[in-house]
Amino acid sequence: MILKLILTCFCWIAVLPIIYGLNFGERYIFFLIFIYFLLLFWMFIFSKNTTKVIISLLFLFTFLILDNFPSKEIILKAGNFFIIFSAFLPSLWLLRATAITMPSVQSTQSLLSKLNSKKILSGLQVTSHFLGSVINIGSFPLLSSVLPKKSKISLRQSAGEASIRGMNTAVLWSPFFVSFAVGQIYLPEMSAWIGIGFGIIIATLFNLITIRLIIGKLTINYLLDSLSCIKPIFSRLLILATSVLFVGQIFNKTALNAIIIVVPILVFIQILRRPDTTNFIFKNLKNLIQNSRDEMLLISVSMFLGSILTNSVEIQNFVSSTIGDYFPFWMMIILLPFIVWCFSLIGVHPIITSAPILSIFGPLLSVWEAAFLMQAHLIGWCAGTAISFTSLSVLTSAENFKISISKLVFGPNFFATIGLVFFGAFILIISNYFL
């Protein structure tokens, strides 16, 4: 796995000049694409069999759809799409490796552990929502550790389910998820940021409703106790989010690029503040890179092939002849998250289903309508990854809370996520109609 580590770090560093706006010419881009393909091929060799099948089918379908081999210009454009993820995902891993060393995170853990058994479930859901908005699945090891070692299986099961609901709904508004980066690539930049506003509303309503219906307690006292747990980390989350927004707006960068720029700077400042954590951070980062699963491979290949197909004459002719210039907007909003949710049940990653739909529908919409499609995309990603057997959310939660994967998939979250798909779509359609 040392080769994986070397190639990942090389690609991460090599893509930074592109992020900062420097132009080293086509040869540099092609060389970087070649090196990144070597990394992906190495990951493909050691990937799961299901991933190998999915990747092979993606290449096969692309080959069958295209009449001719893609031109140099199309390959270069597709390469510019997917090489960015060689820096984006390691940046998220670096953020996760640093966050677990911060005293504020440990204080949040301590406050959670002091809640009684009735309040801890709502506390876990609220905390995982805010903590997960930054460190994603890295929140599960931290949250599972607050449960007593001899906790009953029923409590661990409910805790794992609550943590998934909280963390996954952060997808609806947080730019620190791959789903946001994917949506921002296929849709106008401004529409992605507008979509966050709708996401905050839907995420808030979903968490309040599920806390009441699934956990069974929703009082002011319970909410205040739950929110008090995130007090130590709130200022850090605010600094991080503000920094990304500032860099994005001042330097005209997408959220994806802004995160790649901001995260190493903030981590460097944190290391200066607490130099004793340096070795632990880089050791943890090394482990995260070496133990990363197939998500990076699936996302990169899907983005590369999706970009080639989107810019191909064959797809453009298909869109114009089959869909035309008009397709019922309300149907887009319903179909996108529902299709993603359905395919996730059989283990298909949302990037496989969501990206092609975004690439087809995106050009047909105004910036305002694209904001609603962006949120529909995030709803599908959130709901799909919460109930998929192959989702890192489900696998990591099951591993850390020591619970059954099948019960996580077909438990309360199964019904909660399908409710989110249609409830969220309804809110978006009504909002678009009245606004």
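Nothing here was measured: the structure is a model prediction, and the numbers come from that model.

Calculation rules
- Residues numbered from 1 in each chain as written.
- Predicted model: local features only at pLDDT ≥ 70, side-chain atom pairs only at ≥ 80, totals over all residues.
- Heavy atoms only, no water.
- Helix = DSSP H or I, 4+ residues; strand = E, 2+ residues; numbered from the N terminus.
- Rg over C-alpha atoms; globule rule 2.2 N^0.38 Å.
- Buried < 20%, exposed > 50% of the residue type's maximum accessible area, 1.4 Å probe, protein only.
- Contact = heavy atoms within 4.5 Å.
- Phe/Tyr/Trp six-rings, centres within 6.5 Å; stacked < 30°, edge-to-face > 60°.
- Salt bridge = Lys/Arg side-chain N within 4 Å of Asp/Glu carboxyl O.
- Expected span 1.5 Å × (residues − 1).
- Arc of directions from axis to C-beta.
- Axes fitted to C-alpha atoms, helices over the stretch in contact; angles between N-to-C directions.
- Left-handed = near helix turned anticlockwise from the far one by under 90°.
- Nonpolar A, V, L, I, M, F, W, Y, C, P; charged D, E, K, R; others polar.

Participant: Explain the overall build of the protein to me, and be specific about the residues and the numbers.
Facilitator: When you go through the protein residue by residue, the secondary structure sums to 23 helices and zero strands. Over its C-alpha trace the protein gives a radius of gyration of 21 Å, about what one expects of a compact globule, namely 22 Å for 435 residues. Viewed in the frame of its principal axes, the protein has a C-alpha envelope of about 65 × 50 × 45 Å. Across the 435 residues of the protein, 57% fall into the buried class. Sequence-distant contacts in the protein: of pairs separated by 6 or more residues, those separated by 24 or more amount to 82%.

Participant: Talk me through the packing of aromatic side chains; I want residue IDs and the actual numbers.
Facilitator: Going through the model one piece at a time under the given rule, you end up with 16 aromatic pairs. Relative to Phe31, the ring of Phe10 lies with its centre 6.3 Å away and its plane at 85°, an arrangement referred to as edge-to-face. Taken together, the residues Phe10 in helix 1 (residues 2-19) and Phe31 in helix 2 (residues 26-45) connect sequence positions 21 residues apart. Taking relative accessible area as the criterion, Phe31 reaches 43% and is therefore assigned partly exposed. Summarising the aromatic geometry, the rings of Phe198 and Trp368 are spaced 6.1 Å apart at their centres and angled 70° between planes, so their arrangement reads as edge-to-face. Separated by 170 residues along the polypeptide, Phe198 in helix 11 (residues 189-215) and Trp368 in helix 20 (residues 367-386) bring together distant segments of the chain.

Participant: Now, about the pattern of salt bridges: what can you tell me, with residues and values included?
Facilitator: Scanning all chains against the criterion turns up two salt bridges. Lys119 serves as the salt-bridge partner of Asp225, at 2.5 Å between the closest nitrogen and oxygen. One end of the pair, Asp225, is in helix 12 (residues 220-228); the other, Lys119, is in the loop between helix 6 (103-113) and helix 7 (120-135), with 106 residues separating them in the sequence. Lys119 sits in the buried class, given a relative accessible area of 15%. Put simply, Asp276 and Arg274 hold a salt bridge, and the shortest N to O gap is 3.8 Å. We classify Asp276 as exposed; its relative accessible area is 60%. By relative accessible area, which is 22% here, Arg274 ends up partly exposed.

Participant: Can you break down helix 2 residue by residue, with the values?
Facilitator: Helical periodicity: at 3.6 residues per turn, an α-helix aligns residues three or four positions apart in one direction. Between its first and last C-alpha, helix 2 extends 29 Å over 20 residues, near the 28 Å set by a 1.5 Å rise per residue. When helix 2 is considered as a whole, its buried residues turn out to be Ile29, Leu32, Ile33, Ile35, Tyr36, Leu39, Leu40 and Met43. Taken around the axis of helix 2, the buried residues stretch over an arc of 170°, which confines them to a single face. Residues of helix 2 that are exposed and point over 90 degrees away from its buried face: Arg27 and Phe41.

Participant: Describe in detail the packing of helix 2 against helix 4 (residues 72-82), supporting the description with residues and values.
Facilitator: Look at helix 2 against helix 4: their axes get within 10 Å of each other, and the N-to-C directions meet at 60°. Judged by the sense of rotation from one axis to the other, the crossing of helix 2 with helix 4 is left-handed. Of helix 4, the residues touching helix 2 (which contributes Glu26, Ile29, Phe30, Ile33, Tyr36, Phe37 and Leu40) are Lys72, Ile75, Leu76, Gly79, Asn80 and Phe82. A breakdown of the residues in the contact of helix 2 with helix 4 according to their chemical character gives nine nonpolar, two polar and two charged.

Participant: An account of the side chain of Thr8 is needed here, citing residue identities and associated values.
Facilitator: Take Thr8: it is sitting in helix 1. Those residues in contact with Thr8 that lie beyond four places of it in its chain are Leu39, Ser86, Pro90, Trp93 and Ile289.

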